[in-house]
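# Commentary on secondary and tertiary structure
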Amino acid sequence: MTAAELSDLHALEGGAQPLAHTFEVPDYRTTLGWPVDGDALGAYLDLGEHVGGLRMRAGLGAEVQWWLRLRMLAGPVLATPGKRTEWTFLTQPMTDEQRRRPLPPGVEPVNARVLLPTGHTDRTVAFWATAPDPVHPSLPLFSSVVGAVRSVLYGHRF
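Residues numbered from 1 in each chain as written. Predicted model: local features only at pLDDT ≥ 70, side-chain atom pairs only at ≥ 80, totals over all residues. Heavy atoms only, no water.

This part is about empty space enclosed by the protein. As enumerated under the stated definition, the model contains 1 cavity of 30 Å³ or more in all. The calculated volume of the largest cavity comes to roughly 30 Å³. Taken together, Gly 48, Gly 52, Gly 53, Pro 93, Met 94, Arg 99, Pro 109, Val 110 and Asn 111 make up the lining of the largest cavity. Considered class by class, the residues forming the lining of the largest cavity number 4 nonpolar, 4 polar and 1 charged. (1 Å grid on protein atoms, 1.4 Å probe; cavity = no way out; pocket = protein on both sides within 12 Å on 5 of 7 lines; lining within 4 Å. Points joined across faces, edges and corners; volume = space filled by probe spheres on them. Nonpolar A, V, L, I, M, F, W, Y, C, P; charged D, E, K, R; others polar.)

Below you can see the structure in the form of structure tokens.
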């Protein structure tokens, strides 16, 4: 198993994930180009217009991220612990046509403000299941993540 795959499994299990880079508000803005606001409590990103989001349960998310990684399409994934840990895949924004199409069961678009992890964020609130890559900060297409979900759910693994 690769280090990236182990990282996903550790994140799924809530274990410690070594981060190569801790992001702060200026990093999100300048390095990644995301329109992030921040205060003493953390960094906040409004998903929808500039950055898309697709939320699902962590177990499905780990399988989807592995599928994407094998095809070199993986991007950052935000984990939100709770009674049921959820993963939010950050993507390029949805198109109008994608908004009209139904999503697979258990998957929902996110059009809300989310807390992004910084060096001060408690892992019980939010952490990166897969951190953004500051060297290659591009986001996957929304349709690529939806296609990966369908492939994982319905067995089309080609």
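Our focus in this paragraph is the nonpolar core. Of all hydrophobic cores here, the largest spans 22 residues; its most connected members are Leu 54, Met 56, Leu 60, Val 64, Leu 68, Trp 87 and Phe 89. Within the residue set of this core, elements represented by two or more residues are β3 (52–57), α3 (58–70), β4 (77–80), β5 (86–91), β8 (127–130) and α5 (142–154). Among residues more than four places away in sequence, those in contact with Met 56 are Gly 61, Val 64, Glu 86, Trp 87, Phe 89, Gly 106, Val 107 and Val 149. Counting 18 residues, the second largest nonpolar core, distinct from the first, contains Leu 32, Leu 47, Val 51 and Val 110. (Core = buried A, V, L, I, M, F, W, Y, C linked by side-chain atoms within 4.5 Å. Buried < 20%, exposed > 50% of the residue type's maximum accessible area, 1.4 Å probe, protein only. Helix = DSSP H or I, 4+ residues; strand = E, 2+ residues; numbered from the N terminus. Contact = heavy atoms within 4.5 Å.)

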